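A structural walkthrough
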Amino acid sequence: MAHARPRRRQHIQALVVAAMLLLSSALFTARLPLAAASARLPNTTARLLLFAGLPSSSPLRAFCPRARPSPATCSAFSSATMAADNPLLVADFDFPPFDRVEPSHVRPGIRELLTRLEGELEELEKGVEPSWGKLVEPLERITDRLEVIWGMVDHLKAVKDSADLRSAVEEVQPDKVKFLLRLGQSKPIYEAFKAIRNSSDWESLNDARKRIVEAQIKEAVLSGVALEDEQREKFNQIEQELEKLTQKFSENVLDATKKFEKVITDKKEIDGLPATALGLAAQTAVSKQGHENATAENGPWIITLDAPSYIAVMQHARNRALREEVYRAYLTRASSGELDNTDIIAQILKLRLEKAKILGYKNYAEVSMAQKMATVDRVEELLEKLRAASWDHAVKDMEDLKNFAKDSGSPEATDLTHWDLNFWSERLRESKYDINEEALRPYFALPKVMDGLFTLANKLFGVNVEPADGLAPVWHSDVKFYCVKDSSNSPVAYFYFDPYSRPSEKRGGAWMNVVFSRSRVLARNGLPARLPVAHMVCNQTPPVGDKPSLMTFREVETVFHEFGHALQHMLTKQDEGYVAGIRGVEWDAVELPSQFMENWCYHKDTLLSIAKHYETGETLPEEIYAKLVAAKNFRAGTFSLRQIRFASVDMELHTTYDPYGSLSIYDVDRRVAERTQVLAPLPEDRFLCSFSHIFAGGYAAGYYSYKWAEVLSADAFSAFEDAGLDNEKAIVETGRRFRDTVLALGGGKSPLEVFVSFRGREPSPEPLLRHNGLLPVAA
């Protein structure tokens, strides 16, 4: 090189200088916090300036943004610049850059990510050894990266839906499914896990590691690892098609919900609607139709099928025709026209059955049960026991309603039907317990509810929850961010909270999901383990005007429920990522902490600590608290049967139903309804077309999990009752034991072992029946 010609030397010097500039820029930005680094990432202008001084013959000219080099020449460079420009490819971040992800990032970002992960998987397979460090740890890095990045995209689709985002996700979903199938069907990895299972070291592994190995082997079998040639190809086609169909099902439900809008200009038509509902309807008119001058008092008002609007109409509108119209629209969502989910359900059921048979099972329910606590027989036994206990109570519920409507002089009394039930139930509840749920809203302002919830968490589990807004990027200005700290003031977890309904972009319901799991392997910043991060999403009534979000008691219960899920994820002490928090917990046990937390809404000290009038600060009067407790089991038989109907139709569709036969899914539902619903469903009932839990969620042949886990949660809460709910010391001690077992152990032990560790015995359904007032009178 010492004898190179001067011109050649200039080229080399230019190459070195440019490379150093690029390298130093990359190193500099790598040391910056995410927000600062994002402002300094190389952009097209910066690259143009960088290359401007190069000689025309320089080889670096091939990378100039103005040039059009071949894909082969630019592959390495484009990969690096793509990572710089695409937030989905940022190598490392403390919290996901939710605020920077755009639909345009999804296609290139996910495809590039999958390419990289494919390379890492190939490397792992080449050097795989049946040891923790050479198998499980690198595998966790691969799977976690995909879960985190895809989780960002999937989450944004749920809370910030748009046509562009949908289209992008639709395009890359097959690539994601293909990679997951490739991973799940990796024989080198499968054989390595089996080798660990059969090794002489097996007995020396702790419970968590044993559970991980056994779960990975089982998941590989259920992913088709043992299938060959045509069978494997067919299985993979089914998985791709199921992913597509469930996605479409979900989109149709969201679109059908958004599609219905009823503009009302005559206040007589919405007589009975409380001020909160009128304010929301006027606010909707302003935002959706541009009625800038709409007011709660004078309208116009827009009624939608979004939960806060729909429930308000069904419970309070005196206009029976309006209730009927809204009820029918809700019940028939996604069941006609271009949004009809009927055929999609038929295809899903056929494909699930075919998948089960390819794997060697009789039906899809057996596939589902392979990774759960229960068996089909035990589920059917429990559902029948609860159904029998609930039926007579539900019959009496209906008689009470008819008699009350009749005594009220209502002409509807002789013909009470579905769109009358919620309305008259509210009137009867108000009359029987002197409780008006709408009148209670001022006592349940969201900020105060959250304060009380966090105070309870501190008392039971010894943690402090503190606002941390600004620490992590968020996807909407409504979103709050919190840090959870232990008694030594050290952070143990973080979570996002997105509380309000946004019908135009956010799907309905409430859920908690994982952002990061706790993990020793993925530890950063000198910590022994990466801290867990969750998001909690609700769809409650948003603030109206200058008032805070004033919640119904049901919305309070929902927040407590989702926080229970978040607590199990965040307070885990498992360091193995595959079984930390809610990961690795059998699906039919995962509702235990969430339903357990709902019980505290009826605990006197807890409720009175959150029930403060948002204007006066006055505490909810004790006599009203007593009425709330008395009303707890109002129509419990009816509500129990409703859940049993959903669980039973789910089980039948995935066990004995023949999707190729002459019976329709609606025939099955009607037959199930005969023994689970006192008032027969309408002939046009199409609730299955919006039953997202089983056709677009994880609850296929698993909806029974709510009742199964309710047995566990009621029994868990009965431990606090046994200790004495007025005994502060006993509550604290029992709470710590709950934290150290149910919340701490995650999926590292079987749910039954975890429950026995906490309760000292196996679960019993008696506390659930007692809590719901469904025990026989003789008992």
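Reading the values: rules and limits
Each chain carries its own residue numbering, running from 1 in the direction its sequence is written. Confidence filtering applies because this is a predicted model: local features only for residues at pLDDT of at least 70, side-chain atom pairs given and counted only at 80 or more, and all residues used for totals across whole chains, interfaces and linings. Where side-chain values are given, they derive from all heavy atoms of the structure, hydrogens and water being excluded. Runs of E in the DSSP output that reach at least two residues are strands. Runs of H or I that reach at least four are helices, and both are numbered from the N terminus. Each residue is placed in one exposure class: buried if its accessible area under a 1.4 Å probe, protein chains only, is under 20% of its type's maximum, exposed if it is over 50%, and partly exposed if it falls in between. Surface exposure here means Shrake-Rupley accessible area, sampled with a 1.4 Å probe, where a residue is shielded only by the protein chains that are shown. When a carboxyl oxygen of Asp or Glu lies within 4 Å of a side-chain nitrogen of Lys or Arg, that pair is called a salt bridge. By the convention used here, strands pair only if DSSP detects at least 2 bridges between them. What pLDDT conveys is the predictor's confidence in a given residue, as a value from 0 to 100. We call two residues contacting when some pair of their heavy atoms lies within 4.5 Å. Residues belong to a common nonpolar core when they are buried Ala, Val, Leu, Ile, Met, Phe, Trp, Tyr or Cys residues joined through side-chain atoms within 4.5 Å. Under the pairing criterion, centres of Phe, Tyr and Trp rings, with the six-membered ring standing for Trp, must be within 6.5 Å; the plane angle then separates stacked pairs below 30 degrees from edge-to-face pairs above 60, leaving the rest tilted. In this scheme, Lys NZ or Arg CZ marks a charge over a ring once it lies within 6 Å of the ring centre and within 35 degrees of the ring normal. Axis lines are fitted to C-alpha atoms, over the contacting stretch for helices. Their N-to-C directions set the angle, which ranges from 0 to 180 degrees. Under this scheme an angle from 65 to 115 degrees is roughly perpendicular, one under 35 degrees roughly parallel, and one over 145 degrees roughly antiparallel; angles in between are oblique. Each crossing gets its handedness from the near helix: less than a right angle anticlockwise from the far helix is left-handed, clockwise is right-handed. By the convention adopted, Pro, Cys, Tyr, Trp, Phe, Met, Ile, Leu, Val and Ala count as nonpolar, Lys, Arg, Asp and Glu as charged, and the other residues, Gly among them, as polar. Every helix has an expected span of 1.5 Å times one less than the residues it contains.

Okay, the overall build of the protein chain next. Within the protein chain one finds 30 helices and seven strands. Across the 779 residues that make up the protein chain, the buried fraction comes to 54%. Counting only carbon and sulfur atoms, one obtains 51% of the accessible surface of the protein chain, whose full area is about 34,000 Å².

Moving on, we come to unusual backbone geometry. P300 follows G299 through a cis peptide bond whose omega is -5 degrees. Here P300 lies in the loop between α11 (275-289) and β2 (301-304). Residue D229 is not a glycine yet carries a positive backbone phi of 45 degrees. With respect to the helices and strands, D229 occurs in helix α10 (residues 229-259). In the Ramachandran plot, R635 falls in the positive-phi region, its phi being about 60 degrees despite a non-glycine side chain. Note on R635: relative accessible area 8%, which makes it buried.

Turning our attention to the pattern of salt bridges. Per the stated rule, a full pass over the model turns up 67 salt bridges. For E652, the salt bridge goes to R671, with nearest N and O atoms at 2.0 Å. In this pair, E652 sits in helix α24 (residues 636-653) while R671 sits in helix α25 (residues 665-676), placing the two residues 19 residues apart along the sequence. Put simply, D478, D498, R502, E505 and K506 are held in one network by salt bridges that share partners.

Most of strand β7 (residues 533-540) is tucked away: eight of the eight residues are buried. In β7, alternate side chains face the same way, and those of V533, H535, V537 and N539 on one face and A534, M536, C538 and Q540 on the other are all buried. As paired strands, strand β5 (residues 491-500) and β7 are joined by six bridges and run parallel to one another. Across the sheet, residue Y500 finds its bridge partner in β7, namely Q540. Note that strand β6 (residues 511-516) and β7 share five bridges and pair antiparallel. Opposite F516, over in β7, you have V533 as the bridge partner.

Once that is clear, we can look at the pairing of β2. Of the two faces of β2, the one holding W301 and I303 and the one holding I302 and T304 are both buried throughout. Pairing between strand β1 (residues 261-264) and β2: four bridges, direction antiparallel. Each residue of the ladder has a partner; that of I264, found in β2, is W301.

The next thing to look at is the confidence of the model for the protein chain. Looking at the protein chain as a whole, the pLDDT averages 89, with 89% of positions reaching at least 70. This stretch, residues 1-77, has a pLDDT under 50; its non-local contacts, to residues over four places away or in other chains, come to 59 contacts.

Turning our eyes to something else, we now look at the nonpolar core. In terms of nonpolar packing, the biggest core is built from 170 residues, with F461, F495 and F563 touching the most fellow members. In terms of residue count, helix α16 (residues 376-407) provides more of this core than any other element does, eleven residues in total. Among the nonpolar cores identified, the runner-up in size contains 63 residues, and L124, L205, C483 and V533 belong to it.

We describe a pair of aromatic rings using the distance from one ring centre to the other and the angle between the two ring planes. Using the criterion set out here, one finds 41 aromatic pairs in the structure. Summarising the aromatic geometry, the rings of F249 and F695 are spaced 5.5 Å apart at their centres and angled 45 degrees between planes, so their arrangement reads as tilted. With a gap of 446 residues between them, F249 in helix α10 and F695 in helix α26 (residues 692-695) connect regions that are remote in the sequence. The burial state of F249 is the same as that of F695; both residues are buried. In this structure an aromatic cluster arises from ring pairing among F461, F596, W600, F717, F720, F738 and F758. A cation over an aromatic ring shows up here: R507 above the ring of W511, its NZ or CZ 3.8 Å from the ring centre. Over the face of the ring belonging to Y666 we find R686, whose NZ or CZ atom lies 3.9 Å from the ring centre.

Right, let's get into the sheet that holds β5. Pairing within the open sheet is mixed, and its five strands lie in the order β3-β4-β5-β7-β6. The strands lining the two open edges of the sheet, one partner per strand, are β3 (464-467) and β6. Ignoring which end each strand starts from, the neighbouring axes of this sheet average 25 degrees apart. On the sheet, helix α19 (residues 446-461) packs against β3, β4 (480-485), β5 and β7 and is oriented at approximately 155 degrees with respect to β5.

For I435, the location among the structural elements is in the loop between α17 (418-433) and α18 (437-440). Residue I435 is classed as buried on the basis of its relative accessible area of 3%. Setting aside chain neighbours within four positions, we find I435 in contact with R429, E430, L440, I624, K627, L628 and A631.

Attention now moves to the packing of helix α28 (residues 728-743) against helix α29 (residues 751-759). Taken N-terminus to C-terminus, the directions of α28 and α29 make an angle of 160 degrees; their axes are 9 Å apart at the nearest point. When the interaxial angle is binned, α28 and α29 end up roughly antiparallel. When the axes of α28 and α29 are compared, the crossing they make is right-handed. Residues T734, R737, F738, T741 and V742 of α28 form the contact with α29, whose own contacting residues are V754, S757 and F758. Here the contact of α28 with α29 is built from residues that sort into four nonpolar, three polar and one charged.

Attention shifts here to helix α6 (residues 132-159). For α6, spanning 28 residues, the distance from its first C-alpha to its last is 38 Å, which sits close to the expected 40 Å at 1.5 Å a residue. Counting buried positions over the 28 residues of α6 gives 21, a clear majority of the element.

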